[in-house]
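What follows is the residue order along each chain.
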Amino acid sequence: MNTYTKQELGFIIEQHSLWLKNEGGKRAVLGGADLSHLNLKGLDLRRANLIRTDFSHSDLSGSDMSDADIMYANFQNACLNNAIFRDSDLRNANMSHAQMCNIDLQRADLYKTDLSHTELSNGALKSSYSTGTIITLRDTSKPSCFLL
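Keep in mind the model is a prediction, meaning the values are calculated, not measured. (Residues numbered from 1 in each chain as written. Predicted model: local features only at pLDDT ≥ 70, side-chain atom pairs only at ≥ 80, totals over all residues. Heavy atoms only, no water.)

Caption draft 1: View of the side chain of N81. For N81, the location among the structural elements is in the loop between helix 1 (6-20) and strand 1 (99-100). A distance of 3.4 Å separates a polar atom in the side chain of N81 from a polar atom in the side chain of Q99. Engagement of the side chain of N81 in a polar contact is seen with the backbone nitrogen of C101, the distance being 2.9 Å. Excluding residues within four positions of it along the chain, N81 makes contact with S61, G62, Q99, M100 and C101. (Helix = DSSP H or I, 4+ residues; strand = E, 2+ residues; numbered from the N terminus. Polar contact = N/O pair within 3.5 Å; in protein donor to acceptor, adjacent residues only side chain to side chain. Contact = heavy atoms within 4.5 Å.)

Caption draft 2: Quick peek at unusual backbone geometry. Here H57, not a glycine, exhibits a phi torsion of approximately 60 degrees, which is positive. The residue H57 is located in the loop between helix 1 and strand 1 in this model. A positive phi angle, close to 60 degrees, is found at N82, a residue other than glycine. Mapped onto the elements, N82 comes out in the loop between helix 1 and strand 1.

Caption draft 3: Here's a closer look at the nonpolar core. In this structure, F75, L80, F85 and L90 are the most contacted members of the largest nonpolar core, which totals 34 residues. Examining the composition of this core, we find that 3 residues originate from one element, helix 1, more than from any other. Apart from residues lying up to four places away in sequence, L90 is in contact with I70, F75, F85, M95, L105, A108, D109, L110, Y111 and T113. (Core = buried A, V, L, I, M, F, W, Y, C linked by side-chain atoms within 4.5 Å. Buried < 20%, exposed > 50% of the residue type's maximum accessible area, 1.4 Å probe, protein only.)

Caption draft 4: Geometry of the state of the cysteines. Tallying each qualifying case throughout the model produces 0 disulfides. The thiol of C79 is not disulfide-bonded; the next cysteine sulfur, from C101, is found 8.0 Å away. (Disulfide = S-S within 2.5 Å.)

Caption draft 5: Geometry of the packing of aromatic side chains. Tallied over the full model, the rule gives 2 aromatic pairs. Geometrically, the ring pair formed by F55 and F75 is stacked, given 5.0 Å between the ring centres and 10 degrees between the ring planes. Here the residue F55 occupies a position in the loop between helix 1 and strand 1, and F75 occupies one in the loop between helix 1 and strand 1, the gap between them amounting to 20 residues. For the pair F55 and F75, one class covers both residues: buried. Through a chain of ring-to-ring contacts, the aromatic side chains of F55, F75 and F85 assemble into a single cluster. Seen from the ring of Y72, R52 lies directly overhead, with NZ or CZ sitting 4.3 Å from the centre. (Phe/Tyr/Trp six-rings, centres within 6.5 Å; stacked < 30°, edge-to-face > 60°. Lys NZ or Arg CZ within 6 Å of the ring centre and 35° of its normal.)

Caption draft 6: Here's a closer look at the confidence of the model for the protein. When pLDDT is averaged along the protein, the result is 87, and 82% of the positions lie at 70 or above. When pLDDT is averaged over each element of the protein, helix 1 comes out on top at 97 and strand 4 (residues 134-137) at the bottom at 48. Confidence over residues 136-148 falls short of pLDDT 50; this stretch has 25 contacts with residues more than four positions distant or in other chains. (pLDDT = per-residue confidence, 0-100.)

Caption draft 7: Region of interest: the pattern of salt bridges. Here the structure, examined in full by the defined rule, presents 7 salt bridges. In this structure, D69 and R27 form a salt bridge, with 2.9 Å as the shortest nitrogen-oxygen distance. On the criterion of sequence distance, the pair formed by D69 in the loop between helix 1 and strand 1 and R27 in the loop between helix 1 and strand 1 is long-range, its members being 42 residues apart. Taking relative accessible area as the criterion, R27 reaches 28% and is therefore assigned partly exposed. Two residues, D87 and R107, come together in a salt bridge whose shortest N-O distance is 2.8 Å. Of this pair, D87 sits in the loop between helix 1 and strand 1 while R107 sits in the loop between strand 1 and strand 2 (109-113), and the two are 20 residues apart along the sequence. Here D87 falls in the partly exposed class, since its relative accessible area comes to 36%. Among the residues examined, R107 registers a relative accessible area of 40% and is labelled partly exposed. If you follow the salt bridges from partner to partner, you end up with D89, R91 and D109 in one network. (Salt bridge = Lys/Arg side-chain N within 4 Å of Asp/Glu carboxyl O.)

Put into structure tokens, the structure is as follows:
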């Protein structure tokens, strides 16, 4: 797993911001990074490569990860309140025990995403379901899983 100093991560995020604005920069590629136990509130990670990134126990509230590649990422025990995951690929992600109040999952691919023991806002998945979100939960035979 890759680890980054605060300065290195700041530089990657800065370059990603420029890339999103078509002002040079470079797309954030943080696949396989250990970003656990960090304060990442309000980050703009739209269209970033976050495959297999460890966000466990991190605060990502208010972050925007729309259209990002986030397969196999670990969000266990993370704070995802007010986060945006529109059109994101969250297949096989672990979101167990995460706080997910007012989360935006429109058209996100949640195939085999672990949502066990999450704190979801009322209707978070129902509204996602009606907007084309792909939902198939992992381990649905266990009583801890949320079923539609």
